[in-house]
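Residues per chain, in single letters:
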Amino acid sequence: MSNFLDTNHKRKSAAITSVIMSLLVVALFFVGMKYLDPPEEYGIAVNFGTSDVGMGDIQPTEPLKSASKEVEEQKEEVIQEEVTKTASKVTEDVLTQNTEDAIAIKKQLEVKKKIDEENRKEKARQDAIAKQKSDEAAKKKNLDALIGGINNTNGTASGGEGNDNTAGDKGKITGDPNASGYYGNGTGNGGNGDYQLGNRKPLSRPKPDYICNEEGLVVVRIEVDVNGKVIKATAGVKGSTNTASCLLTQAQEAALKTRWEPDSNAPSKQFGTIKYRFSLSQ
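Residues numbered from 1 in each chain as written. Predicted model: local features only at pLDDT ≥ 70, side-chain atom pairs only at ≥ 80, totals over all residues. Heavy atoms only, no water.

(A) Representation of the overall build of the chain within the structure. Secondary structure assignment for the chain yields three helices and six strands. From first element to last, N terminus to C terminus, the chain shows the α and β order α-α-β-β-β-β-α-β-β. A total of 282 residues make up the chain; the buried ones form 16% of that total. Here the contacts in the chain between residues at least 6 apart in sequence split such that 65% fall between residues at least 24 apart. When the accessible area of the chain is evaluated, it comes to approximately 22900 Å², of which 55% is carbon and sulfur surface. (Helix = DSSP H or I, 4+ residues; strand = E, 2+ residues; numbered from the N terminus. Buried < 20%, exposed > 50% of the residue type's maximum accessible area, 1.4 Å probe, protein only. Contact = heavy atoms within 4.5 Å. Areas by Shrake-Rupley, 256 points an atom, 1.4 Å probe, with all protein chains shown as cover.)

Written out as structure tokens, the structure reads:
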């Protein structure tokens, strides 16, 4: 403390400061701002009440009963219910109308699709009939030009050929007049052969007669002597696709008639095969 007031200037400054602070504190009690207690009110006065609406000239001093509020709530509920019912009815009507329109459009599309399909089928049928008639007419014209019309069903030729007991000329109009077979659609009279006997070649290859309405492959196992004669033939061995008796018989007979090259160095019984392919489309 002695260091704080060690000079006359410091002591004078401290004394002056203390006097000024004392005067300010005293002045606050006598010269300070005045205010009202309670403070004066400002603005617009609002009437006492307990609701946002009202009617009459008598000012209640206490809150009114809640009867009017309940009535208002009931009115609001009734109005809300009516609004909900109205909205539901409108939505239902719209959905019903949309559903009926959709069903009507769907039915129209189904009817149109069915009619288009029937028209397409009828057109395809008519086109097929027209094409068939055109093909038959062209085929008849070509055949008439090829053979001079002698095979016309209204011709005047007499006689006949066939293995039945009924009058007529059995065969196909596109067949060979010299062929002995009566089945198939082409010009062949038997199966095409595939001959195998070592290095020896067939000298004569008679075709089997095509006398049955069958087709397929018949394999014949043969035994050939040194002179080239077939001494034994077994039809229908492994590899055959049709073993109908009529095919086997004709294949065996054709194989026995086949002649091969003579070979003095060959074994006395040389084995080989002949394959006959019978086709109804030949």
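(B) Looking closely at the state of the cysteines. Taken as a whole and assessed by the stated rule, the structure comprises one disulfide. Note on cysteine connectivity: C212 is disulfide-linked to C246, with sulfurs 2.2 Å apart. The disulfide joining C212 to C246 has a torsion of about 85° about its S-S bond and is therefore right-handed. In this pair, C212 sits in the loop between β2 (202-204) and β3 (216-224) while C246 sits in helix α3 (residues 245-257), placing the two residues 34 residues apart along the sequence. When its relative accessible area of 21% is taken as the criterion, C246 is described as partly exposed. (Disulfide = S-S within 2.5 Å.)

(C) Structural detail: the pairing of strand β4 (residues 230-235). Of the strand pairs in this sheet, β3 and β4 are connected by five bridges, and their pairing is antiparallel. Within the sheet, the bridge partner assigned to R221 lies in β4 and is T234. The turn joining β3 and β4, which pair antiparallel and follow one another in sequence, is formed by five residues; a positive phi near 95° is taken by G228. (Pairing = 2+ DSSP bridges.)

(D) Layout of the pattern of salt bridges. A full pass over the atoms with the stated rule returns five salt bridges. Across the pair D116 and K112 runs a salt bridge whose closest N-O atoms are separated by 3.1 Å. Taken together, the positions of D116 and K112, both in helix α2 (residues 67-147) and four residues apart, correspond to about one turn of that helix. According to the relative accessible area criterion, D116 is partly exposed, its value standing at 39%. Between E122 and R125 there is a salt bridge, and its shortest N-O distance comes to 2.9 Å. One end of the pair, E122, and the other, R125, are both in helix α2, three residues apart, so they sit about a helical turn from each other. (Salt bridge = Lys/Arg side-chain N within 4 Å of Asp/Glu carboxyl O.)

(E) Seen up close, α3. When the terminal C-alpha atoms of α3 are compared, their 19 Å separation across 13 residues agrees well with the 18 Å that a helix rising 1.5 Å per residue should span. Residues of α3 that are buried include every one of L247, L248, Q250, A251, A254 and A255, and no others. Packing partners of the buried residues in α3 comprise β3, β4 and β6 (270-278). (Expected span 1.5 Å × (residues − 1).)

(F) Broad picture of a nonpolar patch on the surface. Side chains of V25, V26, L28, F29, F30 and V31 sit close together on the surface and give an oily, nonpolar patch of about 740 Å² of accessible area. As for its placement among the helices and strands, F29 is situated in helix α1 (residues 8-31). (Patch = residues over 30% accessible without salt bridge, like charges linked within 9 Å, V, L, I, M, F, W, Y side chains within 5 Å.)

(G) Spotlight on the nonpolar core. Grouped together as the largest cluster of nonpolar side chains are 21 residues, with contacts concentrated most on V218, V220, I222, W260 and Y276. Only β3, β4, α3 and β6 provide two or more residues apiece to this core. At five residues, the largest contribution of residues to this core is made by α3. In this view, V220 contacts A233, T234, A235, V237, A251, A255, G272, T273, I274 and Y276; residues no more than four positions away in its chain are not counted. (Core = buried A, V, L, I, M, F, W, Y, C linked by side-chain atoms within 4.5 Å.)

(H) Region of the structure containing the packing of aromatic side chains. Scanning the entire structure with this criterion turns up three aromatic pairs. On the basis of an interplanar angle of 65° and a centroid distance of 6.1 Å, the ring pair of Y195 and W260 is categorised as edge-to-face. Separated by 65 residues along the polypeptide, Y195 in strand β1 (residues 192-196) and W260 in strand β5 (residues 259-260) bring together distant segments of the chain. In terms of burial, Y195 and W260 fall into one category: buried. Look at Y195 and Y276: their rings are 6.5 Å apart centre to centre, the planes differ by 85°, and that puts the pair in the edge-to-face class. With Y195 in strand β1 and Y276 in strand β6, this pair connects stretches of sequence that are 81 residues apart. With relative accessibility at 16%, the residue Y195 sits in the buried group. Taken together through their ring pairs, the aromatic side chains of Y195, W260 and Y276 make up a single cluster. (Phe/Tyr/Trp six-rings, centres within 6.5 Å; stacked < 30°, edge-to-face > 60°.)

(I) Quick look at the side chain of D225. Counting through the fold element by element, D225 comes out in the loop between β3 and β4. Buried within the structure, D225 lacks any salt-bridge partner; its nearest side chain of opposite charge belongs to R200, at an N-O separation of 5.3 Å. If sequence neighbours within four positions are ignored, D225 has contacts with R200, I231 and S268. (Lys, Arg positive; Asp, Glu negative; His and termini not counted.)

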